[in-house]
Amino acid sequence: QVQLVESGGGLVQAGGSLRLSCAASGSIFAINNMGWYRQAPGKQRELVAIITSGGNTNYADSVKGRFTISRENAKNTMYLQMNSLEPEDTAVYYCMMAVRARDGFSFRSAWGQGTQVTVSS
């Protein structure tokens, strides 16, 4: 019913930048908190950044000062601006949104398909 589509991943050199986008579509009544997660091969999925419905943000220590999360509510879209990328940032990045469908009664987590970010040294 609700789909999240991610874009913006790619291959960059260390020190470069990428901007990820996550757009929600479908029968949506409301979207609450949003977040970006990442998972490297053989590693657990970890939280990168979150943004609340009120616009408050939190970041993993490893990306503070380099990444910026934002949202554009009118477009049901979330972004992750990634600067000064490091090889350690290489992972599949997933977006998550807490959404309430028009015919639903509560919020539930929706996940994007993932987008690959590769940072070469």
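This write-up is about the structure you can find in this document. Remember, predicted model here, so these are calculated numbers, not experimental data.

Conventions adopted
Residues numbered from 1 in each chain as written. Predicted model: local features only at pLDDT ≥ 70, side-chain atom pairs only at ≥ 80, totals over all residues. Heavy atoms only, no water. Helix = DSSP H or I, 4+ residues; strand = E, 2+ residues; numbered from the N terminus. Contact = heavy atoms within 4.5 Å. Pairing = 2+ DSSP bridges. Axes fitted to C-alpha atoms, helices over the stretch in contact; angles between N-to-C directions. 1 Å grid on protein atoms, 1.4 Å probe; cavity = no way out; pocket = protein on both sides within 12 Å on 5 of 7 lines; lining within 4 Å. Points joined across faces, edges and corners; volume = space filled by probe spheres on them. Nonpolar A, V, L, I, M, F, W, Y, C, P; charged D, E, K, R; others polar. Buried < 20%, exposed > 50% of the residue type's maximum accessible area, 1.4 Å probe, protein only. Phe/Tyr/Trp six-rings, centres within 6.5 Å; stacked < 30°, edge-to-face > 60°. Lys NZ or Arg CZ within 6 Å of the ring centre and 35° of its normal. Salt bridge = Lys/Arg side-chain N within 4 Å of Asp/Glu carboxyl O.

Considerations on the environment of Val5
Within the element layout of this structure, Val5 appears in strand β1 (residues 2-7). For the pair Val5 and Gln116, spaced 111 residues apart in sequence, the C-alpha to C-alpha distance is 13 Å. Those residues in contact with Val5 that sit more than four places away from it in its chain are Ser21, Cys22, Ala23 and Gln113.

Notes on the sheet that holds strand β7 (residues 67-72)
Read across the open sheet, the four strands follow the order β1-β3-β8-β7; overall the sheet is antiparallel. Of all the strands in the sheet, the pair left with one neighbour each is β1 and β7. Across the sheet, the mean angle from the axis of one strand to that of its neighbour is 15 degrees, orientation sign disregarded. Where strand β3 (residues 18-26) meets strand β8 (residues 77-82), six bridges bridge the pair, whose relative direction is antiparallel.

Some details on the side chain of Asp89
Take Asp89: it is sitting in the loop between β8 and β9 (91-101). Contacts of Asp89, omitting those with residues within four sequence positions, involve Arg38, Arg66, Phe67, Ser84, Val117 and Val119.

Here's the deal with the layout of surface pockets
Looking at the largest pocket, its volume works out to about 170 Å³. Along the walls of the largest pocket sit Gln1, Val2, Val99, Arg100, Ala101, Gly104, Phe105, Ser106, Arg108 and Ala110, which together make up its complete lining. Of all the secondary-structure elements, those providing two or more residues to the lining of the largest pocket are β9 and β10 (108-111). By residue number, the principal contributor to the lining of the largest pocket is β9, which donates three residues. Of the residues in the lining of the largest pocket, the class split is five nonpolar, three polar and two charged.

Let's talk about unusual backbone geometry
Even without a glycine there, the phi angle at Asn76 is positive, about 50 degrees. Of note, Asn76 is situated in the loop between β7 and β8. Taking the relative accessible area as the measure of exposure, Asn76 reaches 25% and is therefore partly exposed. Its identity is not glycine, yet Ser84 carries a phi of approximately 50 degrees, on the positive side. Its place among the elements puts Ser84 in the loop between β8 and β9. Judged by relative accessible area, Ser84 falls into the partly exposed class, the value being 42%.

A look at the packing of aromatic side chains
One pass over the structure, following the stated rule, counts one aromatic pair. Geometry around Phe29 places Arg100 over its ring, the cationic atom sitting 4.5 Å from the centre.

So, the pattern of salt bridges
Within the structure shown, the criterion is met by five salt bridges. For Arg66, the salt bridge goes to Glu86, with nearest N and O atoms at 3.8 Å. Taken together, the positions of Arg66 in the loop between β6 (57-59) and β7 and Glu86 in the loop between β8 and β9 put the pair 20 residues apart, joining distant regions of the chain. Exposure remark for Arg66: the relative accessible area of 11% places this residue in the buried category.

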